[in-house]
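# Report on the structure
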Amino acid sequence: MSKNYSEEELSQLPFRDESEELEERISDLLSRLTLEEKFKLCSGRQLWHTKPIKRLGIKSFTMYDGPHGVRPDRMGEVKSTYFPSAICRAATWDPNLSYEFGKAIGEEVRELGAHMLLAPGINIQRTPMNGRTFEYQTEDPHLNKILAVATVKGIQSQKIAACVKHFICNNQETDRFTASSEVSERALQEIYLPAFKATVQDADAWSFMTCYNKVNGIYGSENFNLLRERLMDNWGFRGFTVSDWNATAYTSTEGCVKAGLSLEMPTAKKLSKKNVSKAFQEGKFSEETIDDNIKRLLRVMFLVGLFDHKRTLPSGYRNTPEHQAISRKIAENGIVLLKNKESLLPLDISKLKKIAVVGPNLNFKLIEGEKIGRNEVLSGGGSSVNFPPYEITPLEGLKQKCKDRIEIIETPSKADVTIIFAGLNHELGMDAEGEDKHNFELPLDQIELIKNTVKQNPNTIVVLINGSPLAMNDWIHLVPSVIEAWYGGMEAGKAIANVLFGDVNPSGKLPITFPKKLSDSPAHMSERTYPGVEKEVFYDEGIYVGYRHFDKEQIEPLFPFGYGLSYTTFNYENIKIDKEKFSKNDTVTVSVDIVNTGNRSGTEIIQLYVQDIESSADRPPKELKKFEKVKLEPNERNTVELNLNFCDFSFYDDSTHSWIVEPGTFNILLGSSSRDIRLQGKIEFLG
Ligand code: BGC
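Residues numbered from 1 in each chain as written. Predicted model: local features only at pLDDT ≥ 70, side-chain atom pairs only at ≥ 80, totals over all residues. Heavy atoms only, no water.

### Here we look at the overall build of the protein
If you tally the helices and strands in the protein, you get 17 helices and 27 strands. For the protein, the spread of C-alpha atoms along the three principal axes comes to 85 × 60 × 50 Å. Within the structure as shown, the protein displays about 24900 Å² of accessible surface, and the carbon and sulfur contribution to it stands at 46%. Distance between charge centres in the protein, computed from 84 positive and 96 negative side chains, equals 3 Å. (Helix = DSSP H or I, 4+ residues; strand = E, 2+ residues; numbered from the N terminus. Areas by Shrake-Rupley, 256 points an atom, 1.4 Å probe, with all protein chains shown as cover. Lys, Arg positive; Asp, Glu negative; His and termini not counted. Charge placed at Lys NZ, Arg CZ, Asp CG, Glu CD.)

### Some remarks on empty space enclosed by the protein
Throughout the structure, instances matching the rule amount to two cavities of 30 Å³ or more. Taken as a whole, the largest cavity holds about 70 Å³ of empty space. Lining the largest cavity are 13 residues, with Arg126, Pro128, Glu139, Thr513 and Ser521 sitting closest to its centre. Of the residues in the lining of the largest cavity, the class split is six nonpolar, five polar and two charged. Taken as a whole, the second largest cavity holds about 60 Å³ of empty space. Lining the second largest cavity are Cys169, Asn170, Asn171, Gln172, Thr174, Asp175, Arg176, Ala179, Ser181, Asn213, Val537 and Tyr539. (1 Å grid on protein atoms, 1.4 Å probe; cavity = no way out; pocket = protein on both sides within 12 Å on 5 of 7 lines; lining within 4 Å. Points joined across faces, edges and corners; volume = space filled by probe spheres on them. Nonpolar A, V, L, I, M, F, W, Y, C, P; charged D, E, K, R; others polar.)

### Here we look at the site of the ligand
Lining the immediate environment of the ligand, one finds 14 residues, of which Asp65, Arg132, His166, Tyr212 and Asp244 sit closest. Note that an oxygen atom of the ligand is positioned 2.8 Å from one of the side-chain N or O atoms of tyrosine 212. Looking at the shell around the ligand, its residues break down into five nonpolar, two polar and seven charged. (Near = heavy atom within 4 Å. Polar contact = N/O pair within 3.5 Å; in protein donor to acceptor, adjacent residues only side chain to side chain.)

### Observations concerning the pattern of salt bridges
Evaluated as defined, the whole model comprises 49 salt bridges. The salt bridge partner of aspartate 551 is arginine 675, with a shortest N-O separation of 3.0 Å. Of the two residues, aspartate 551 is situated in helix 17 (residues 547–552) and arginine 675 in the loop between strand 26 (664–673) and strand 27 (676–685); the sequence distance between them amounts to 124 residues. Taken together, the salt bridges that share partners define one network made up of Arg132, Glu135, Glu173, Arg176 and Glu433. (Salt bridge = Lys/Arg side-chain N within 4 Å of Asp/Glu carboxyl O.)

### Here we look at the environment of lysine 51
With respect to the element layout, lysine 51 can be found in the loop between strand 2 (49–50) and strand 3 (63–64). Lysine 51 gets classed as buried once you look at its relative accessible area, which sits at 16%. Once the C-alpha coordinates of lysine 51 and glutamate 37 are considered, the two residues, 14 residues apart in sequence, prove to be 9.6 Å apart. In this structure, lysine 51 is in contact with Lys40, Leu41, Ser43, Gly44, Arg45, Ser60 and Ala268, ignoring residues within four places of it in sequence. (Buried < 20%, exposed > 50% of the residue type's maximum accessible area, 1.4 Å probe, protein only. Contact = heavy atoms within 4.5 Å.)

### Quick notes on the sheet that holds strand 22 (residues 623–632)
Spatial ordering of the open sheet is given by 19-27-26-21-22, a layout of five strands whose pairing is mixed. A strand with exactly one partner marks an edge of an open sheet, and here the two such strands are strand 19 (581–582) and strand 22. Here nine bridges tie strand 21 (residues 602–612) to strand 22, and the two strands are oriented antiparallel to one another. Across the sheet, residue isoleucine 605 finds its bridge partner in strand 22, namely lysine 629. (Pairing = 2+ DSSP bridges.)

### Observations regarding the packing of helix 6 (residues 141–156) against helix 8 (residues 194–201)
At a closest axis distance of 8 Å, the pairing of helix 6 and helix 8 adopts a crossing angle of 30°. Taken as axis vectors, helix 6 and helix 8 run roughly parallel relative to one another. You can see that helix 6 and helix 8 cross each other, and the crossing is right-handed. Of the residues in helix 8, those touching helix 6 at Pro141, Asn144, Lys145, Ala148, Val149 and Val152 are Pro194, Ala195, Ala198 and Thr199. For the contact of helix 6 with helix 8, the residue count by class is seven nonpolar, two polar and one charged. (Axes fitted to C-alpha atoms, helices over the stretch in contact; angles between N-to-C directions. Parallel < 35°, antiparallel > 145°, perpendicular 65-115°, else oblique. Left-handed = near helix turned anticlockwise from the far one by under 90°.)

### Examining the layout of surface pockets
Computed from the structure, the largest pocket encloses a volume of approximately 840 Å³. Along the wall of the largest pocket there are 29 residues; nearest its centre are Lys145, Gln189, Pro194, Lys197 and Trp659. The set of elements that each furnish at least two residues to the lining of the largest pocket consists of helix 6, helix 7 (185–192), helix 8, helix 9 (224–234) and strand 22. Split into classes, the residues belonging to the lining of the largest pocket amount to 11 nonpolar, seven polar and 11 charged. Every residue lining the second largest pocket is counted, 16 residues in all, and those nearest its centre are Arg110, Gly113, His115, Lys310 and Leu313.

### Describing unusual backbone geometry
Backbone torsion omega between alanine 119 and proline 120 reads 5°, so that peptide bond is classified as cis. Within the secondary structure, proline 120 sits in the loop between strand 4 (116–117) and helix 6. Tyrosine 530 connects to proline 531 through a cis peptide bond whose omega is 0°. With respect to the element layout, proline 531 can be found in the loop between helix 16 (492–500) and strand 17 (536–538).

### A few points about the nonpolar core
Core analysis: the largest hydrophobic core is formed by 102 residues, its most contacted members being Phe167, Tyr192 and Phe208. Excluding residues that lie within four positions of it along the chain, phenylalanine 208 makes contacts with Cys163, Val164, Phe167, Phe196, Thr199, Val200, Leu231, Trp235, Phe237, Phe240, Thr241 and Val242. Formed by 63 residues, the second largest nonpolar core is a distinct cluster that contains Cys402, Leu464, Phe501 and Phe514. (Core = buried A, V, L, I, M, F, W, Y, C linked by side-chain atoms within 4.5 Å.)

### Quick word on the side chain of asparagine 466
Structurally, the position occupied by asparagine 466 is in the loop between strand 15 (460–465) and strand 16 (481–484). Judged by relative accessible area, which is 0%, asparagine 466 ranks as buried. Among the polar contacts listed, one links the side chain of asparagine 466 to the backbone oxygen of serine 468, at a separation of 2.8 Å. Polar contacts involving the side chain of asparagine 466 include one to the side chain of glutamate 484, which spans 3.4 Å. If we ignore the near neighbours within four places in the chain, the residues touching asparagine 466 are Gly423, Leu424, Asp431, Glu484, Trp486 and Tyr487.

### Quick look at the sheet that holds strand 5 (residues 161–167)
Ordered in space as 3-4-5-7-10, the five strands form an open sheet in which the pairing is parallel. Pairing within the sheet leaves two strands with one partner each, and these edge strands are strand 3 and strand 10 (240–242). Sheet topology places strand 3 next to strand 4; two bridges connect them, and they run parallel. By the bridge assignment for strand 4, tyrosine 64 is matched with leucine 117.

### Describing helix 15 (residues 444–456)
Across its 13 residues, helix 15 extends 19 Å between first and last C-alpha, which sits within 8% of the 18 Å expected from 1.5 Å per residue. Residues of helix 15 that are buried include every one of Gln446, Ile447, Ile450, Thr453 and Val454, and no others. Down the axis of helix 15, the buried set is contained in an arc of 135°. They therefore lie on one face. Summarising the geometry of helix 15, the exposed residues directed more than 90 degrees from the buried face are Leu444, Asp445 and Lys455. Looking at the packing, one finds that the buried side of helix 15 touches strand 12 (354–358), strand 14 (417–423) and strand 15. (Expected span 1.5 Å × (residues − 1). Arc of directions from axis to C-beta.)

In structure tokens form, the structure reads like this:
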């Protein structure tokens, strides 16, 4: 019989003792739960909460979307800081900024009295057509890993659980509820899993969200191999798994429980008390299994302080100037200068009299209370929508910058310079959850707008606001300057103006390849590879995702991975590798001098790629293994050191099911992008 406790008695129970060891507290609480109560904890209620167990003082554990700002409700009554899209944050290549973002958003979750943020989303950007490319970080597993780890650490520094999603191979929206991602073990190991694994092993992520899709024929929420074997047993995950919202629709109760799904969201279906109880009575799984699932959820409840006194927890903050400044900093650092012929940029505020501004993304505003997906350019796109207290549009940003100095007009022919704010938005069929993009090209009217504007004024700059690669072949040769500004959060307008006028020297680099045409992209080789045939999507490209494919097939991209210009120039000099040969336990130190050879201070992102030149296995021509951001004043020189270890040279060997490095020679490539290698050296692995 379960005992009823008074408030006083409850507060004296061992699990309430904050000085007690975590695992002791969890075991004590678990031992007090009846089977029925355990079953009750397996599913959520009212969209964002777990069910409370009042008898034991277990409150609801609350989780909110999303990756770019906290959103407790869908109507926008609660405002929160709107940060740039993940792809913009990734374009900063700056783990410190990802940490700052994570910490800030964690503080906002805490202020709202919730316990978990449904972010970060770290699926690999396999195709530019994925409706959620903007919500994910990059096509490259190393960059993905570094930024994901920093983000999770930032969020959890506030004792708020990060929920890393969507595990795994949820790389397109087309058929997302039913399709199976058919992917090889090597591609999983080398491309899709590393960042997820690192969030467990390097950042102790407290929660994982399962994917909607199947992976090699089995739904993510009941995938024993993915959840129980890899995530929990192999990687040592101590947190809990939660289904994506309604991702259990086509699964079985038994399958989910056995695989290790702790929590079904948003409401009870396959893991309803009735269903779990029935499956248990029928002997479909043991009490030990359900105990483990529940223990994981309880563990995270303790980690976020659900049972602790408020005064022992970090304070929450929301909509602070500090958070808004972080949002702007990410936007400024994420903007990528794609083209700048004849140095039209930066604009000189003292020399210009009139600027013409046009284009559909000049002045969009969130319309409060509107249905998600409509009238949103900057924030939105499905579950990552949030509602900021204000939003500085590109027009507002320019107005603030030009006030009393430059006149802003609408007629290109009468202006010194014209700026076109083009791109996409978060309507379905563009950069939005729920459907993939319908087009790889800019909308036709925008292409026409660019062509007509350039005729009227050759000094035309295109600022793109979008979250995924798009074709530019129809128009890019016509304009001297192009900026990729992404969806830059609530301070985007300010960030863009700062870059246009040179208050900020752009330093962002593309975290994804921009192909010239869609068929150049590895996921678009056939219908099998995208969108799939009979609900199967074959990842035939294997490990050749992103630049790995463009390099292998020697396809010239429109803009390569790692690319981004600056208003200054950098020289790479004196590559030094501290040894000629190395063995398994050695660290290899590569150093290089970077010199700012222009006349403005600027930041360069130095990229180190490894190339295996003698290998029994097929390997990509180059793989990113390290990068470093360095800020330099004009003529300043700095030596950057990058350390490599054995793992940085390894590949996943299908025959032995392990990571190996074969003896032989490797090239170390140092570059300003994946296609702009400035220096290289050699090193031999001895075995
Ligand atoms: C999305 C998740 C999101 C969840 C809750 C799902 O449709 O795929 O990313 O966290 O909804 O809104």
